[in-house]
Every structure is written in C-alpha cells, then in structure tokens.
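Here are the chains, one letter per residue:
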Amino acid sequence: MSRNRFYIIIGALLVLSYLATHFVDNQYYFFAGFAILQLMVMALAWNILGGYVGYVNFGSAAFFGLGAYSAIVALNLFDASLFAQIITGGCFAALIGFGTGYLTLRLRGVYFAIATLALLVVSETLIVNWEFVGGAAGTYVLPKKNPTILGVLVVGKQNALFDNYKELLFFLMCLIALATIIICSLVENSKLGRGLAALRDSEEAAESMGVPTLRLKLFATTLSASIMGVTGGIFPYYMTFIDPLSAFNLDISVNALAMPLIGGTATWLGPVLGAVVLGTLQQIATVTISSEVNLLIVGLFLVAFVIFAPSGFLGLIEKYWKRGD
Amino acid sequence: MLEIKNLSKNFGGFTALSDILLNVEPGERLGLIGPNGSGKTTLINCISGLIQDYQGEVYFNGENLNSLVAHKRARRGISRSFQIPKPFTSMTVRQNLLIPLEYAVRADDLQGISIEEQADKIIDNLDLNEKSNQLTSGLTQIEMRKLELARAMAVKPKVLISDEAMAGLSSSEVDDILKILITLNETTRITIIMIEHIMRAVMSFSERVICLDAGRIIANGTPDEVIITPAVEKAYLGE
Amino acid sequence: MFSAELFLNAIVIGILLGGFYAALSIGLSISFGLLDIVNIAHPAFIILGAFVCFIFNSHYGFDPILIGIIFAPAFYVLGTLIYRIYYESFEKTGAEDLRGLAFFFGVMFIIEVILIMSFGVDFQMVQADYIDFKATFGVVDIPFRMFVPFVIAMIMTFGLQYFSSRTFFGRAMQAVAQDTLALRLMAIDPARIKRIAFGLSLATCSIAGALLVIVIPIEPSVGRLYIGQVFAIVVLGGLGSQSGTLIAAMLLGLVESMITTFFGPSWSPAVAFGALILVLAFKPTGILGRVGDTRG
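Residues numbered from 1 in each chain as written. Chains lettered and ligands numbered in written order. Predicted model: local features only at pLDDT ≥ 70, side-chain atom pairs only at ≥ 80, totals over all residues.

Draft legend 1. Seen up close, the pairing of strand S8 (residues 191-195) of chain B. Residue and element names in this part refer to chain B. Burial analysis of S8 places five of its five residues in the buried class, the great majority of the element. Relative to S8, strand S7 (residues 159-163) is paired through five bridges, and the arrangement is parallel. Looking at the pairing, valine 159 lines up with threonine 191 of S8. Between the parallel elements S7 and S8, the chain passes through helix H6 (residues 171-188) in a crossover that is right-handed. (Buried ≥ 20, exposed ≤ 12 C-beta atoms within 10 Å, placed from the backbone. Helix = DSSP H or I, 4+ residues; strand = E, 2+ residues; numbered from the N terminus. Pairing = 2+ DSSP bridges. Right-handed = clockwise from strand over helix to strand, strands pointing away.)

Draft legend 2. The packing of helix H3 (residues 93-103) of chain B against helix H5 (residues 141-153) of chain B, seen in detail. All names here are of chain B. H5 packs onto H3 with a crossing angle of 30 degrees between their chain directions and a minimal axis gap of 8 Å. The angle between H3 and H5 falls in the class roughly parallel. Like other packed secondary-structure pairs, H3 and H5 cross with a definite hand, here right-handed. Taken together, the residues of H5 that come into contact with H3 (itself represented by Val93, Asn96, Leu97 and Pro100) are Leu147, Ala150 and Arg151. When the residues that make up the contact of H3 with H5 are grouped by side-chain class, the tally is five nonpolar, one polar and one charged. (Axes fitted to C-alpha atoms, helices over the stretch in contact; angles between N-to-C directions. Parallel < 35°, antiparallel > 145°, perpendicular 65-115°, else oblique. Left-handed = near helix turned anticlockwise from the far one by under 90°. Contact = placed C-beta atoms within 7 Å. Nonpolar A, V, L, I, M, F, W, Y, C, P; charged D, E, K, R; others polar.)

Draft legend 3. Spatial organisation of the environment of A:Pro271. Here A:Pro271 is to be found in helix H12 (residues 269-288). For A:Pro271, a count of 33 C-beta atoms within 10 Å puts it in the buried group.

Draft legend 4. Highlighting the environment of B:Asn66. Residues and elements named next belong to chain B. Its location among the elements puts asparagine 66 in the loop between strand S5 (63-64) and helix H2 (70-76). Owing to 15 C-beta atoms within 10 Å, asparagine 66 belongs among the partly exposed residues under this scheme. As for asparagine 66 and valine 232, which are separated by 166 residues in sequence, their C-alpha atoms are 30 Å apart.

Draft legend 5. Up close: the nonpolar core. Grouped together as the largest cluster of nonpolar side chains are 281 residues, with contacts concentrated most on C:Phe20, C:Leu211 and C:Leu276. With 15 residues, the top contributor of residues to this core is helix H8 (residues 190-215) of chain C. (Core = buried A, V, L, I, M, F, W, Y, C linked by C-beta atoms within 7 Å.)

Structural measurements only, silent on function.
Have a look at this one:
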C-alpha cells in the first residue's frame with residue numbers, strides 16, 4: 001500500500017483505540033488487549049533481529065526485564081514519571097543490547113543465541129540479589145493520583161482523558177505498537193533494510209559487496225533491544241507489582257520468538273498476525289482451560305509451523321493467493 | 001597497484017599460505033592456478049578481507065589494508081566472486097546487483113547514472129535480461145555464475161578477482177564467461193585476477209600466470225613459461 | 001567466615017557436583033559439540049528421564065539408576081526419530097540456524113508443559129537405600145546422594161570417551177564433525193552416523209535424569225535452570241572434546257560450590273552463564289576446542 005494510505009490507517013487506528021477507552025466499559029477487553037499488544041510489540045522487536053537479520057534471540061525476556069527494572073530504579077531514585085520510566089527502560093535495554101552484540105556478534109549466530117540466554121539468567125540473578133529493587137520478593141509501584149499534562153487531567157473520575165490507569169496504559173500500548181510498526185516498515189523499505197536482507201541471505205557475500213555487516217547487526221540488535229526495553233518499561237506501572245519471576249520469565253522469550261516464526265518473518269505483518277492469532281488463542285485458553293495450556297499451544301504451533309510452514313501465515317496466504325491465479 | 005608482502009596464514013597446525021610475495025599491475029590480466037588445497041581461495045580471502053588475521057601486508061594503491069575489514073576493502077575497489085555462488089536468495093537478480101551499487105560504490109563514481117540503470121547495464125552486458133526480475137532460485141548453473149560476476153562487477157571495482165567462475169560449465173559456456181571477462185578488462189582497464197582449473201581458459205585469458213602449491217608460489221611468468229615449468233607439472237601430476 | 005572445614009567440604013561437594021554436571025553435559029557434547037546441533041531442549045529431556053524414573057521408582061520401587069539404564073534404549077529411539085525430523089526439516093535445507101534452534105526451543109516447552117499437566121508443579125523425589133547415607137572422613141562429609149551419581153557419571157563419561165576413541169563407530173562420530181567427505185568416500189553415510197550419535201546423546205538423558213532426581217527434588221521447570229550449565233560446560237570445554245567437557249564440568253562444579261558456600265545459593269545460576277559470556281567474548285574456542293569453529 002502507498003505510504004500515505006499506510007500512515008492514514010495507522011492514525012485512524014490510534015484514534016479508534018482512544019475512542020475505545022471511552023466507549024467500552026468491560027475492563028477485561030483492555031486487559032486482554034494490553035496483553036496481546038505487548039506480545040505484538042515484543043514479536044515485532046524480535047523480528048528485527050530474527051527475521052530481518054536471521055539471528056536468534058532467546059533472551060528477549062532479559063531486555064524486557066531490564067527495561068522494567070531500570071524503570072523501577074528510575075522511580076526509586078528520581079521519582080520518575082511514567083514517561084521517564086518508559087524512556088529509561090528503552091535506553092538501558094539499548095545499552096545492554098549494544099554491549100551483548102558487541103561481545104558476541106562476531107561469532108556464529110548460534111553463539112549469539114546462547115549468549116542471549118546467558119544474559120537472561122545473569123540479569124535475573126543480579127536482580128534477585130539486589131535489595132534496592134526488592135530482590136526476589138519484588139516491588140510495588142503506586143501510580144500517581146490525578147496526573148496532569150499541561151494542565152489537562154489525564155486520569156481521573158471526571159473530565160479526564162482516561163477513566164483509569166488501565167485504559168491509559170492500554171492506549172499507550174497501542175501507541176507503542178503502532179510506532180513500532182512504523183519503525184519496522186521504515187527499516188524494511190530503506191537502504192538499511194536491504195542491507196540487512198543481504199546480510200541475512202549471505203553474510204560473507206554481503207560483507208564482500210560493501211555492506212558493513214557488523215555495524216548493521218549491532219544496529220538491529222540495539223533497536224530490537226530498546227523496543228523490548230520500552231515494553232518492559234511500561235510493565236511495572238501496568239501491573240503495579242513486579243518481581244524477577246514475572247519480569248524475566250522465559251515464557252516472554254518463547255512468545256516473542258514463536259509469533260514471528262508462526263506469522264511470518266519477512267515483514268512487520270507476520271509478527272502482527274502471529275501475535276493477534278496466537279495471543280487471542282492464549283487468552284481464550286487461559287479463561288477456558290488453564291494458563292499452562294498457553295505454553296503448550298505456543299510450543300505445538302511453533303514446532304508445527306517451523307517444520308511444515310517455514311514462511312508462516314504470510315507464506316501460506318501467499319501460496320494460496322498464487323494458486324488462485 | 002596491489003602489493004602482497006610476506007603473506008602467511010595458518011589454520012591451527014595447517015599452513016595455508018607461506019610467505020607470499022606478489023605485485024599486480026593496474027589493468028593486468030593475471031591467472032592464478034594450483035592444485036586443490038594449494039591456498040588460492042585463502043589468498044583471495046586475505047586480499048578481500050574476509051580473513052584479517054594473517055601475517056604480512058596487503059597494500060592497495062600504496063595503502064596498507066591490514067586494518068580494514070572486508071566491506072571497507074570493497075569500497076576501495078577490491079571485489080571478488082565466490083567459488084560456490086552465494087547469491088542473495090531473497091532478492092531478484094537485479095536487486096542482487098543493487099546491493100553493491102548502493103553500498104560499495106561511492107556517489108561520485110556513479111557519475112550521475114542511477115543505480116537501477118547501472119544494474120541494467122551490467123545485466124545487459126552479461127545477457128541476463130530475461131531473468132532480471134526473477135528470484136535467484138530460478139537461475140541455471142551458468143546464470144548463477146554470471147550473477148556472481150555481475151555482482152562483483154557492480155562493485156565498480158579496480159580489481160576483480162574471479163574464483164573458479166567456470167567450474168562445471170560446458171565448453172561454450174566457458175567461452176561465454178571468458179569473452180565477458182576479456183571484454184571487461186579491455187574496455188574498462190579493470191585488473192582481473194582469474195583463479196581457474198580450466199587450463200585453456202587461463203592460458204588464453206592471462207598475460208601472466210602464477211602457480212601456487214602448498215601455500216607457496218612456485219612459478220610466476222607468462223602462460224607459456226609457466227606451463228612448462230617442472231615444478232608446476234609436478235604439483236599437478238605428482239612425481 | 002572462612003574455615004578450613006567449610007572449605008574442604010565445599011571442595012568435596014564441588015568435585016561431586018562437577019561429576020554430576022559432566023553426566024548432564026556429556027550428551028550435549030555429542031549433539032552440540034560433535035554434530036553441531038544446538039539441542040537447547042537437552043535439559044528438558046533430562047527432566048523427562050527424571051520423571052520417568054520417578055514414576056517407576058514410586059510405583060514399583062525399582063532402583064532409580066536401574067530405571068535410567070533400562071529406559072536408555074527408548075530414549076535412543078526417540079533421539080533417532082527427532083534427528084530424522086530435524087534433518088529433513090532443517091539440516092537438509094540449511095535452515096538450522098534459525099528454524100532448527102526454534103524447533104528445539106518449542107520442543108523444550110512442549111515437554112515441560114506435558115510434564116506440568118501430568119504431574120503438577122510439586123517437587124518430586126525418589127527413594128533408594130543409599131540416598132540418605134552419608135560417609136564421614138574426619139571433618140569431611142560425603143553425601144551418598146551425590147556420591148553415587150558421581151560414580152555413575154564417571155563411568156558414563158569414561159565409557160563414552162573410550163567408545164569415541166577406540167571403537168570404529170566412535171571414531172566415525174568424531175570424524176563426521178570434521179570431514180564428512182572422507183566418511184562418504186569410505187562408504188559411510190554421515191546422516192546415519194549423526195542419527196545414531198544423536199540417539200546416543202538422548203540416551204544419556206535417561207541416565208542423567210535418574211542421577212538428577214537422586215541429587216535434588218525435581219519439578220517440570222527445573223530443566224530451565226540447567227540450560228546455562230550444560231551449554232557453558234560444553235562451550236568452555238571446547239566443542240567435540242569429551243575430556244574438555246569433563247574438565248569444564250569439574251571447574252564449574254568447584255566454582256559453584258565455593259560461591260554457594262561462601263556467598264549463598266542465590267548467586268549460583270549466574271556463575272555458569274557469566275563464565276559462558278566471558279568465554280564467548282574472549283576465548284570462544286574454549287579450553288580444549290578445535291580452532292576455527294566459532295568464528296562467524
């Protein structure tokens with residue numbers, strides 16, 4: 001679709017999401033919506049490195065958790081606002097992403113993957129042992145009462161932009177998701193994106209043809225990590241409680257990895273599809289059966305798609321489209 | 001133009017290259033021969049920069065390339081094709097050429113011609129027009145080889161190294177590639193280093209031939225001189 | 001708070017722990033070290049073996065190690081099956097770097113969830129006469145719940161070491177990592193070798209699982225804790241080197257024991273992985289590894 005139409009649709013979705021917070025009363029929708037959007041952003045971020053470059057990240061939860069906990073540190077040290085927390089999360093995760101990449105991206109992709117797992121465990125262990133952020137027991141976050149921006153009441157019972165924090169955060173998550181889609185689309189259609197594709201197809205050939213592969217890999221890693229950090233940064237405010245178990249959970253990693261591989265890794269549409277379909281399935285399963293079944297669903301879908309449909313939903317759709325011609 | 005001084009490379013206990021000394025003149029057509037495992041591809045990898053931890057120096061137009069990683073050497077004008085083709089499989093033939101045109105070629109060297117036009121010109125030279133918009137999976141053997149060369153040419157190099165571009169091709173296909181390379185050298189004065197096993201191609205193409213064996217240069221002269229050198233015969237045929 | 005007694009016991013436990021870790025990692029040193037298959041589900045298969053052991057021990061009272069050995073062939077068959085799927089779907093098409101990795105990640109979760117749904121999240125243990133026994137030599141205690149696994153682990157490690165260097169098949173296994181062409185010229189099918197080797201790697205999980213449930217109580221997610229250890233050990237020891245794996249396992253066991261004794265157990269998960277990050281950053285070939293394996 002043309003660039004203009006793309007941005008118009010994004011804008012319309014953003015407006016729609018705000019209107020939804022006004023007209024929808026059932027809080028469950030915002031809860032489920034937030035969960036699915038979180039999955040979507042993590043999947044989009046994972047795909048920047050996994051799909052565009054071909055490097056597997058097992059430690060998505062590390063960047064997410066570090067984003068969340070750096071937000072906590074900012075809160076505890078500087079009484080940081082929600083906005084500042086999110087920015088902190090993104091910046092700190094970017095730093096860690098860059099560092100990890102710098103240390104391991106010269107090695108084979110396999111070692112980068114293992115290193116990301118290492119990062120996850122080391123981060124979790126460090127946080128568990130750090131009393132300042134609550135250690136293993138976790139820590140609480142109290143959202144500010146009646147916050148205002150430029151004199152306008154953001155959250156409150158009357159005359160506010162949002163009725164409660166869950167709705168505000170849902171809207172913010174929509175904003176982050178749409179912004180991430182825009183970023184991914186920009187990357188895909190740029191010189192950078194073409195370089196990443198060349199690097200994914202054959203790193204040696206790309207390097208020999210003038211593509212600065214290490215630099216591009218580092219960029220993709222840092223961008224991916226920072227988006228994950230932003231998603232983590234918003235998490236404490238949303239949950240009002242955070243502990244290492246939930247922030248560094250391996251489940252976060254498997255979802256971030258599975259959804260692009262199931263939806264399709266070629267463009268941003270794949271992770272979005274994967275997150276919507278799988279995320280919705282998971283929500284339904286949690287409510288009707290149990291929350292363990294979620295992981296089983298993800299695991300089975302992942303294994304099935306990776307074996308039988310390597311190009312994901314996008315690939316299947318393309319195949320059946322072509323068959324129709 | 002290209003000066004290689006005391007180049008050596010070990011892989012663990014195995015010596016791939018030993019004290020290589022080589023000068024290549026601008027516009028030269030140099031053939032590089034030698035039995036399998038003699039170090040030819042390792043030599044190219046050191047020159048192009050895919051291997052950086054070698055001993056010795058590689059000079060290009062007076063500049064020591066040792067600290068430069070491969071993509072920087074490509075930008076300076078050193079380009080190579082791969083023995084086993086490594087096409088960008090998610091892209092069409094044309095898009096494959098756009099990568100080096102976008103990344104390796106300096107803006108001034110484009111001389112105002114858009115990269116799409118440049119790509120089309122190279123595709124035309126190599127007679128790949130029919131497959132220009134096809135993904136690389138639909139290419140035949142010889143078309144793959146041509147794509148490798150086309151991509152290396154799209155770097156707009158000063159030195160082009162072709163690594164066994166003709167392996168497994170039929171006799172007329174070999175002639176095709178030969179013609180392309182000779183024409184390239186004659187019209188643009190690009191230095192071409194050709195690594196080949198197909199002797200008739202090397203002999204008819206090269207102004208000078210170098211033979212490697214077990215990591216050392218054992219012969220360096222005109223094609224006629226090299227082919228009758230006893231050491232070369234021994235290297236290929238054994239005692 | 002340093003005392004000689006504490007120190008000595010930490011060393012003993014460290015050695016026993018190292019042996020146990022060697023048993024956990026020996027299978028991975030085959031699948032990852034030799035066959036270049038990043039089986040991140042390796043610890044999950046160990047947990048599977050541990051639960052199999054638990055069922056038969058708690059229902060029929062069989063000795064845990066015996067159960068592990070009896071089920072090893074079943075795990076072997078499972079391994080050959082999984083390799084077949086892996087080969088057809090990923091190795092053949094060259095997609096093992098992304099999708100192959102993801103495949104094992106998915107398998108790991110499937111195993112874990114099936115175990116949770118079958119057994120719940122409670123900790124389970126096995127019973128055997130020797131488990132509670134403790135031998136004492138002066139100030140040093142040797143708990144048999146760790147000593148017996150150590151002995152079995154040593155037998156396994158040296159057994160596989162002997163197998164790899166002295167038998168024809170074992171040497172073929174080593175060769176498949178280094179020179180597939182040479183194997184083909186000798187009319188040996190590399191895929192068959194790899195299939196058998198991978199089956200072997202999974203068979204070790206059956207025994208390692210039995211050892212695990214002797215050493216500690218288990219629950220389905222415990223596998224996650226060991227991913228770090230086993231990969232760190234195999235990389236640290238150098239790919240493809242069984243003796244390297246043993247040395248690295250010992251080192252890791254000792255360091256972890258020291259840290260747990262003097263700094264507390266909450267730091268020990270980071271030891272293995274921290275060591276791994278450092279090794280990858282500075283000396284990726286490990287202690288006894290082959291050159292040129294880790295470069296991108």
